[in-house]
Amino acid sequence: FREDGDLHRDCLARTLEQLGFLKPNHVWVSEACNKVTTFSTLSLEEFAAFVKAYEERQHDGHKELFSRLDKDGSGVVDRSEFEVALMNLGIEPLRHIWDEVLAEVGRDGSKAIGFDAFEEALAILHSRQGFTKFETDLLDEVFQRFDVEDCGYITAKDLPTLLAWLGFEGSGEE
């Protein structure tokens, strides 16, 4: 937000990325913004409405993609179709990541998933940022161990100890 408390329209995609949205779609950003205002800047209240409108448009976009992939109209997509969907969204996880996520969301043991599981899988892939559940849990554990002040970040003072614990050698003065 600028000094006057408004956010410029041109900054919306980057702001969504900073909020954790994966590769915001610029067309959807424009559509969501146009639902909220015709002006070039947004107030805080308008920005909150914009984020809600963007989430709704993203959900609709995922539904459209899912429908295009579900060529037979069965209401499910298989692994290969899911891989195509991820590529269309700019996500290219390793095969073992796909397998793990599909196993998590495909609760019935089948290799095909419905739309709700599809969106859940996208959320999991995004939240883990390409790591397995084990790796994410391990990173969280390490972070908690070295966030000694429980402040939500690791200080520069804590970094040499963390790196030594992870097996990196050095004096800590680099």
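Residues numbered from 1 in each chain as written. Predicted model: local features only at pLDDT ≥ 70, side-chain atom pairs only at ≥ 80, totals over all residues. Heavy atoms only, no water.

1. A short note on the packing of aromatic side chains
Reasoning step 1: Applying the stated criterion across every chain yields a total of eight aromatic pairs.
Reasoning step 2: Ring plane angle 40° and centroid distance 6.3 Å describe the contact between F50 and Y54, whose orientation is recorded as tilted. Of this pair, F50 and Y54 both sit in helix 3 (residues 44-69), four residues apart, which is roughly one turn of the helix.
Reasoning step 3: F50 sits in the buried class, given a relative accessible area of 0%.
Reasoning step 4: One aromatic cluster in this structure is built from F21, W28, F47, F50 and Y54. (Phe/Tyr/Trp six-rings, centres within 6.5 Å; stacked < 30°, edge-to-face > 60°. Helix = DSSP H or I, 4+ residues; strand = E, 2+ residues; numbered from the N terminus. Buried < 20%, exposed > 50% of the residue type's maximum accessible area, 1.4 Å probe, protein only.)

2. Focus on helix 2 (residues 26-36)
Reasoning step 1: Within helix 2, the full set of buried residues consists of W28, V29, A32 and C33. Down the axis of helix 2, the sector holding all buried residues measures 130°, keeping them to one side. (Arc of directions from axis to C-beta.)

3. Focus: helix 3
Reasoning step 1: With 26 residues, helix 3 ought to run about 38 Å at 1.5 Å a step, and its terminal C-alpha atoms sit 37 Å apart, in line with that.
Reasoning step 2: Of all the positions in helix 3, only F47, F50, V51, A53, Y54, R57, Q58, G61, H62, L65, F66 and L69 are classed as buried. (Expected span 1.5 Å × (residues − 1).)

4. Here we look at the nonpolar core
Reasoning step 1: Core analysis: the biggest nonpolar cluster contains 21 residues, and F82, L86, V101, V105, I113, F118 and L125 have the highest contact counts within it.
Reasoning step 2: Among the elements that line this core, the one with the most residues is helix 6 (residues 115-128), at seven residues.
Reasoning step 3: Those residues within four positions of V101 in sequence are excluded, and the remaining contacts are A121, I124, L125 and R128.
Reasoning step 4: Ranked by size, the runner-up nonpolar core spans 15 residues in total, among them L7, V29, A32 and F50. (Core = buried A, V, L, I, M, F, W, Y, C linked by side-chain atoms within 4.5 Å. Contact = heavy atoms within 4.5 Å.)

5. Remarks on the layout of surface pockets
Reasoning step 1: The computed volume of the largest pocket comes to approximately 520 Å³.
Reasoning step 2: Lining the largest pocket are 23 residues, and of these L22, Q58, H62, L89 and L122 sit closest to its centre.
Reasoning step 3: Top element by residues in the lining of the largest pocket is helix 3. It accounts for nine residues.
Reasoning step 4: Split into classes, the residues belonging to the lining of the largest pocket amount to nine nonpolar, nine polar and five charged. (1 Å grid on protein atoms, 1.4 Å probe; cavity = no way out; pocket = protein on both sides within 12 Å on 5 of 7 lines; lining within 4 Å. Points joined across faces, edges and corners; volume = space filled by probe spheres on them. Nonpolar A, V, L, I, M, F, W, Y, C, P; charged D, E, K, R; others polar.)

Shape descriptors only; they carry no functional weight alone.
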